[in-house]
Amino acid sequence: MNEFDFNLVVKENKLLVLKTVGETLIDRFEDSIEDVVQEVFFRVYKALQKNQFDGRSKISTWIYTIAKNEANRLNQKRLREEEKAKRYLESSLFQSEVPDITLESEKSEWIQSILKKVPDKYKYPLALYLKGHSMEEIANELEMKEGTVKSKLFRAKEWIKKNIGGDRHEFQES
């Protein structure tokens, strides 16, 4: 890297890399632009240190190619992740973990059936939470601290996981 001042390389090619990455990334992945740009310059730095730039093209052309490849690599990675998530959501494993609730009335009935089973000390905070009340509103309604509300909701969720989710161990408050 003796012949190249890395700071100058970054300064002269920053806009090229940003434009290339921005145009290459799939729109829904634009939250990753900064990460890709950083990775591009990291790869450029490492390659320059190892004298991997042979000078057959302009350095900007070489960096453009790295930026294009890195953006395409991220596109492929994120598409694979989306596909994996989609397969998981469609799998029978996920379907067995989450009740199949399609109609609003069925959802309401399912929630009511769970609320009937939840211990009384957690029932009212949980019901308010499920109706969309904020932690502050629930705390004011029940005249308790927000931390206590959060604790009761956490314990209610844990109770539901243990008792409704198939594990029949009694919930013990600690």
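One structure accompanies this document, and this report is about it. Since this is a predicted model, take the numbers as computed values, not measurements.

1. With respect to the overall build of the chain
Right, so step 1: Scanning the chain for helices and strands turns up eight helices and zero strands.
Right, so step 2: Along the chain direction, N to C, the helices and strands of the chain fall in the order α-α-α-α-α-α-α-α.
Right, so step 3: Going through the 174 residues of the chain one by one, you find that 25% of them count as buried.
Right, so step 4: Looking at the chain alone, contacts between residues at least 24 apart form 55% of all its contacts between residues at least 6 apart.
Right, so step 5: A total of about 12700 Å² of accessible surface is found on the chain, and carbon and sulfur atoms cover 49% of it.

2. Brief notes about the nonpolar core
Right, so step 1: Core analysis: the biggest nonpolar cluster contains 20 residues, and Val17, Val40, Val44, Trp62 and Ile63 have the highest contact counts within it.
Right, so step 2: Among the elements of the structure, helix H1 (6-24), helix H2 (33-49) and helix H3 (59-90) are those that each provide at least two residues to this core.
Right, so step 3: Ranked by size, the runner-up nonpolar core spans 13 residues in total, among them Ile114, Tyr122, Ala139 and Ala156.

3. Structural notes on the packing of helix H7 (residues 135-142) against helix H8 (residues 146-163)
Right, so step 1: Contact geometry for H7 and H8: axes closest at 8 Å, N-to-C directions at 100°. As summarised for this structure, H7 and H8 are arranged roughly perpendicular, according to the angle between their axes. Residues Met135, Glu136, Ile138 and Ala139 of H7 form the contact with H8, whose participating residues are Glu146, Val149, Lys150 and Leu153.

4. Some points on H2
Right, so step 1: Taking 1.5 Å as the rise per residue, H2 with 17 residues should run 24 Å; its terminal C-alpha atoms sit 24 Å apart, in good agreement.
Right, so step 2: Of all the positions in H2, only Val36, Val37, Val40, Phe41, Val44, Ala47 and Leu48 are classed as buried. Seen end-on, H2 carries its buried residues on one side only, within an arc spanning 130°. Counted as exposed and oriented over 90 degrees from the buried face of H2: Glu34, Asp35 and Gln38.
Right, so step 3: Backbone geometry just after H2 places Asn51 at a positive phi near 55°.

5. Comments concerning unusual backbone geometry
Right, so step 1: If you check the backbone angles, Asn51 has positive phi at about 55° while not being a glycine.
Right, so step 2: Note on placement: Asn51 falls in the loop between H2 and H3.
Right, so step 3: Looking at Asn51, the relative accessible area reads 60%, which means it is exposed.
Right, so step 4: The backbone phi angle of Glu143 is positive, close to 55°, even though this residue is not glycine.
Right, so step 5: Mapped onto the elements, Glu143 comes out in the loop between H7 and H8.

6. Side note on the environment of Asp35
Right, so step 1: Note that Asp35 resides in helix H2.
Right, so step 2: When its relative accessible area of 51% is taken as the criterion, Asp35 is described as exposed.
Right, so step 3: Measuring from C-alpha to C-alpha, the distance between Asp35 and Leu74 comes to 9.7 Å, with 39 residues separating the pair along the chain.

7. Focus on the environment of Tyr124
Right, so step 1: Looking at the element boundaries, Tyr124 is found in helix H6 (residues 120-130).
Right, so step 2: For the pair Tyr124 and Leu153, spaced 29 residues apart in sequence, the C-alpha separation works out to 9.8 Å.
Right, so step 3: Ignoring any residue separated from it by four or fewer positions in sequence, one finds Tyr124 in contact with Glu141 and Leu142.

So, how was this worked out
- Residues numbered from 1 in each chain as written.
- Predicted model: local features only at pLDDT ≥ 70, side-chain atom pairs only at ≥ 80, totals over all residues.
- Heavy atoms only, no water.
- Helix = DSSP H or I, 4+ residues; strand = E, 2+ residues; numbered from the N terminus.
- Buried < 20%, exposed > 50% of the residue type's maximum accessible area, 1.4 Å probe, protein only.
- Contact = heavy atoms within 4.5 Å.
- Areas by Shrake-Rupley, 256 points an atom, 1.4 Å probe, with all protein chains shown as cover.
- Core = buried A, V, L, I, M, F, W, Y, C linked by side-chain atoms within 4.5 Å.
- Axes fitted to C-alpha atoms, helices over the stretch in contact; angles between N-to-C directions.
- Parallel < 35°, antiparallel > 145°, perpendicular 65-115°, else oblique.
- Expected span 1.5 Å × (residues − 1).
- Arc of directions from axis to C-beta.

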